[in-house]
Amino acid sequence: KDGSFTKEQREYELEAPYLDVNSKILSWQNSIILGSGSLQANFSMQNSKRIEYEPGTTSGTKEDRIDLNLNTHTYDIHYITDPSKKAGITAGVQGMMQQSKNEGEFAIVPNSSTTDAGVYVVGRYDLKKITFLGGGRFDQRSLALSSYITPAHDTLFSKNDLTYRAPSYALGTVWKVSNDFAVRLNGAGGFTPPNAYQLADNGRKEGGYLYEKGDSSLKASVNRQLDLGVSYDRPSIGFTASVYNNIVSNFIYLNPTGTTIVSGSETLSYYKYLQGNANLNGAEFGFDLHPKSVAWVDLAVNYGMVRGTLSGDKGNLPLQPADKITAALTFQKAQMQNLYNPFVRIAVSNYAAQNRVAESETTTSGYTLFDIHLGGAIKISNQLIDITLSGTNLLNQSYYNHLSVLKPIHIHEMGRNICLRIRVPFGIVNPDKPAKKEVQGQK
């Protein structure tokens, strides 16, 4: 009855802190047949609004700690010649318009307006055992950074209009030595302009305990890369290997200074965006064993590494990932009694110690993680229901990820985690009855 309860007892709403994310997406994809080729015209619009509410200064109130409004428009229009021919060309234009605006107390990224535009052409030529691919494009990015001032980013960045433009290119070949063995060789060059965060950030990194300082004088990074890969694939065994070398001029990287800075009531590790010539090289190897005699067993092993150094004997690049080797043993069948597509996957991931660090960067010890995933689908009436039970870091290993933004304050990664997932894919037909096949020309 009216008057029997107070307003607080009658009405309910979420109390801060909580997160409210709203996204709206509209896309339009078109394919127009023109002779033996086709014209593809794709457009999209997206609005994302992210609000993080925190408790207000008085009891029962809340305030927008973070309120980011992001609008993005993209387009891609290109013509493709007949793909069944041994030679073909794709040519088109591509671009993006994006605006980000902070309306809350704290800013995640600087207020900015970005406009990208590019033209490109890609060619292909097929021989009996060799395929050649090549292409080039020219891009321009215009970036307008607006003035803003917040407690988290307490240095005013004056309005600045920046423009970057450069060509990119790529040339590669695939040589099918045999039906099982192929060799790939590619060379490429391109550029990456600095983003608004790298140019204008000056404050605590949201979600972490770092103070990051940008540099409005950063130039675009320009690279030249060469990579070589081989693959061998048989019915019972497969192998892949690739190596690459990437030379980058004006490489942009986040560098720990080894000092701290006071921001408000917090003392944070101080990081700065720097730029220099760098060399990055690495390798990836993969092995997959799936014997035909026991098709329900699969063993996959992968290894990856990367090395990054600054030119002029200036040492290692900071924040490089550690060497990693993973092994996954999977047992899977099409059906076991009333269980469809049952599987058990046992995975072991070993991360090497990261001792190749930059000046003022701390090392990270190596660690091994043990995971198990099992699941399958059950049928209720004519409906399949997928059930998966996963256990990650089952040995509850205490470790740091070398790239973690929480490592400076000694917060470890997640320990043992058990997850149960139930998924109902509506529309699946009865798996015991094969789908009806429509054969043209037959009654």
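Residues numbered from 1 in each chain as written. Predicted model: local features only at pLDDT ≥ 70, side-chain atom pairs only at ≥ 80, totals over all residues. Heavy atoms only, no water.

Asks: Got a minute to help me understand the overall build of the protein in this structure?
Replies: Helix and strand counts for the protein stand at 2 helices and 20 strands. Across its three principal directions, the C-alpha atoms of the protein cover 75 × 70 × 50 Å. Within the span of the protein, comprising 443 residues, buried residues form 31% of the whole. Sequence-distant contacts in the protein: of pairs separated by 6 or more residues, those separated by 24 or more amount to 58%. Computed over 43 positive and 40 negative side-chain charges, the inter-centroid distance for the protein is 10 Å. (Helix = DSSP H or I, 4+ residues; strand = E, 2+ residues; numbered from the N terminus. Buried < 20%, exposed > 50% of the residue type's maximum accessible area, 1.4 Å probe, protein only. Contact = heavy atoms within 4.5 Å. Lys, Arg positive; Asp, Glu negative; His and termini not counted. Charge placed at Lys NZ, Arg CZ, Asp CG, Glu CD.)

Asks: I'm lost on the pattern of salt bridges in this one. Help?
Replies: Once their charged atoms are close, side chains differing in charge can pair, the charge on each being opposite to the other. The tally for this structure, following the rule as stated, stands at 10 salt bridges. Measuring nitrogen to oxygen at the nearest pair gives 2.9 Å for the salt bridge that ties Asp180 to Arg234. Highlighted residues: Asp180 in the loop between strand S7 (160-176) and strand S8 (181-192) and Arg234 in the loop between strand S11 (221-233) and strand S12 (237-263), separated in sequence by 54 residues. Given the relative accessible area of 23%, Asp180 is considered partly exposed. Owing to a relative accessible area of 39%, Arg234 belongs among the partly exposed residues under this scheme. Residues Asp323 and Arg307 are paired through a salt bridge, measuring 2.9 Å at the closest nitrogen-oxygen approach. Taken together, the residues Asp323 in the loop between strand S14 (297-310) and strand S15 (324-332) and Arg307 in strand S14 connect sequence positions 16 residues apart. Given the relative accessible area of 11%, Asp323 is considered buried. Residue Arg307 is classed as partly exposed on the basis of its relative accessible area, which comes to 22%. One network of salt bridges, with partners in common, ties together Lys49, Asp67 and Glu103. (Salt bridge = Lys/Arg side-chain N within 4 Å of Asp/Glu carboxyl O.)

Asks: It is not clear to me how the packing of aromatic side chains should be interpreted in this structure. Could you clarify?
Replies: Centre distance and the angle of the planes are the two values used to describe a pair of aromatic rings. Taken as a whole, this structure holds 9 aromatic pairs when the rule is applied. Members of the aromatic cluster, each reached through a chain of ring pairs, are Tyr351, Tyr367 and Tyr399. Looking at Lys62, its charged tip hangs above the ring of Tyr53, at a distance of 5.4 Å from the centre. (Phe/Tyr/Trp six-rings, centres within 6.5 Å; stacked < 30°, edge-to-face > 60°. Lys NZ or Arg CZ within 6 Å of the ring centre and 35° of its normal.)

Asks: Before we go on, may I ask you to explain the layout of surface pockets in this structure?
Replies: Where empty space is left in the structure can be found by rolling a water-sized probe over the atoms. Size it by volume and the largest pocket reaches roughly 660 Å³. Forming the walls of the largest pocket are 36 residues, and the residues nearest its centre are Pro256, Tyr271, Leu319, Glu361 and His402. At the level of elements, strand S10 (210-213), S12, strand S13 (266-289) and S14 are the ones that each hand at least two residues to the lining of the largest pocket. A total of 9 residues in the lining of the largest pocket trace back to one element, the largest contributor, which is S12. (1 Å grid on protein atoms, 1.4 Å probe; cavity = no way out; pocket = protein on both sides within 12 Å on 5 of 7 lines; lining within 4 Å. Points joined across faces, edges and corners; volume = space filled by probe spheres on them.)

Asks: What's the story with the pairing of strand S19 (residues 383-392) in this structure? I'm lost.
Replies: Note on strand geometry: in a regular strand, side chains alternate between the two faces of the sheet. When you tally the buried positions in S19, you get 7 out of 10 residues, the bulk of the element. As paired elements, strand S18 (residues 367-380) and S19 share 9 bridges and run antiparallel to each other. Looking at the pairing, Gly376 lines up with Ile387 of S19. If you look at the hairpin formed by S18 and S19, you'll find 2 residues sitting between the two strands, and Ser381 has a positive phi there, around 60°. Note that S19 and strand S20 (residues 417-423) share 7 bridges and pair antiparallel. Bridging across to S20, Asp386 finds its partner in Arg423. (Pairing = 2+ DSSP bridges.)

Asks: Teacher, can you tell me more about the nonpolar core here?
Replies: Side chains of a nonpolar character, in soluble globular proteins, are inclined to be buried together. Counting residues in each nonpolar core, the largest one holds 17 residues, and the members touching the most others are Leu145, Leu162, Tyr164, Phe191, Leu199, Leu218 and Tyr273. Those elements giving two or more residues to this core turn out to be strand S6 (130-145), S7, helix H2 (196-200), S12 and S13. Sorting elements by how many residues they give to this core places H2 first, with 4 residues. In contact with Phe191, not counting residues within four places along its chain, are Asp139, Tyr164, Arg165, Ala166, Ser168, Ala220, Ser221, Val222 and Asn223. Residues Val248, Tyr253, Ala278 and Leu317 belong to the second largest nonpolar core, which totals 6 residues. (Core = buried A, V, L, I, M, F, W, Y, C linked by side-chain atoms within 4.5 Å.)

Asks: Explanation requested: unusual backbone geometry in the structure shown.
Replies: Among all residues except glycine, the phi angle is most often negative; among peptide bonds, the trans geometry is most common. For the bond running from Ala16 to Pro17, omega is 10°, close enough to zero to count as cis. Within the fold, Pro17 resides in the loop between helix H1 (7-10) and strand S1 (18-34). The backbone of Leu319 sits at a positive phi, close to 55°, despite the residue not being glycine. Here Leu319 lies in the loop between S14 and S15. Even without a glycine there, the phi angle at Gln337 is positive, about 55°.

Asks: Is there a simple way to explain the side chain of Ser221 in this structure?
Replies: You can see Ser221 is positioned in strand S11. A distance of 2.6 Å separates a polar side-chain atom of Ser221 from the backbone oxygen of Asn250. Once residues within four sequence positions are removed from consideration, Ser221 is found in contact with Gly190, Phe191, Thr192, Val248, Ser249, Asn250, Phe251, Ile252 and Gln275. (Polar contact = N/O pair within 3.5 Å; in protein donor to acceptor, adjacent residues only side chain to side chain.)

Asks: Just to check I follow, could you spell out the environment of Pro55 for this structure?
Replies: In this fold, Pro55 is placed in strand S2 (residues 37-55). Residue classification places Pro55 among the partly exposed positions, given a relative accessible area of 45%. Separated by 39 residues in sequence, Pro55 and Ala16 have C-alpha atoms that sit 5.1 Å apart. Ignoring any residue separated from it by four or fewer positions in sequence, one finds Pro55 in contact with Ala16, Pro17, Thr61, Lys62 and Glu63.

Asks: I keep staring at the environment of Val93 and nothing clicks. Help me out?
Replies: Positionally, Val93 belongs in strand S4 (residues 87-102). For the pair Val93 and Asp139, spaced 46 residues apart in sequence, the C-alpha separation works out to 9.8 Å. Aside from chain neighbours lying at most four places away, what touches Val93 is Tyr75, Asp76, Ile77, Gly118, Val119 and Tyr120.

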